[in-house]
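Topology and contacts: notes
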Amino acid sequence: MIEKDNFFNKVYDVACQIPYGKVTSYGAIAKALGSARSARMVGWAMNACHNRDEVPAHRVVNRKGLLTGKHHFDGTNLMQQLLESEGIVVINNQIIDFENHFWQPEIQF
């Protein structure tokens, strides 16, 4: 359990660095942590951070810019609303102009 908690905390550290108005993917965070094949575990970490208001989980999407984690937010469109409040356009649960909004984490732990 300690290893999982440690990995989750590293995920949160990376997520907290995502700039306002930018997004990244589960896979990009996993790769930055040196665990490129752990995108799913990054998703689990994001789902587990409901009580951590400081973690901008709404800025983490799938590799195609889809809001796959939106069901874990309170309200039906909260994830989309949070992104739109940062100037990101979302249509049909997908970020428009995803490449220009994408932030690549450069951190290696």
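Along each chain, the written sequence defines residue order, and numbers are assigned to residues from 1. Since the coordinates come from a predicted model, pLDDT governs what is reported: local features require at least 70, and pairs of side-chain atoms require 80 or more to be given and counted, while whole-chain, interface and lining totals use all residues. Hydrogen atoms and water are omitted, and side-chain values are computed over all heavy atoms in the structure.

Topic: unusual backbone geometry
With the exception of glycine, the majority of residues adopt a negative phi angle, and the majority of peptide bonds are in the trans configuration. With phi around 50 degrees, Asn92 is a residue other than glycine that occupies positive phi space. A positive phi is found at Asn93, a non-glycine position, where the angle reads about 65 degrees. Numbered from the N terminus, helices here are DSSP runs of H or I no shorter than four residues, and strands are runs of E no shorter than two. Tracing the chain through its elements places Asn93 in the loop between β3 (90-91) and β4 (94-95). When its relative accessible area of 27% is taken as the criterion, Asn93 is described as partly exposed. Each residue is placed in one exposure class: buried if its accessible area under a 1.4 Å probe, protein chains only, is under 20% of its type's maximum, exposed if it is over 50%, and partly exposed if it falls in between.

Examining the nonpolar core
Throughout, nonpolar core names a set of buried Ala, Val, Leu, Ile, Met, Phe, Trp, Tyr and Cys residues whose side chains join them through atoms within 4.5 Å. Membership of the largest hydrophobic core comes to 29 residues, with the highest contact counts inside it found for Val11, Val42, Met46, Leu83 and Ile95. Put simply, the parts of the chain that give this core at least two residues each are α1 (2-15), α2 (26-32), α3 (39-47), β2 (60-61) and α4 (78-85). Per-element tally for this core: the top contributor is α1, with six residues. The contact definition used throughout considers only heavy atoms, calling two residues in contact when any of these lie within 4.5 Å. In contact with Met46, not counting residues within four places along its chain, are Val11, Ala15, Tyr26, Val55, Ala57 and Val60.

Some words on the pattern of salt bridges
Within this document, salt bridges are pairs made up of a side-chain nitrogen of Lys or Arg and a carboxyl oxygen of Asp or Glu, the two lying within 4 Å of each other. The final tally for this structure, using the stated rule, is one salt bridge. Residue Glu86 pairs with Arg59 through a salt bridge whose shortest N-O separation is 2.9 Å. On the criterion of sequence distance, the pair formed by Glu86 in the loop between α4 and β3 and Arg59 in the loop between α3 and β2 is long-range, its members being 27 residues apart. Across the pair, exposure class does not vary: Glu86 and Arg59 are buried alike.

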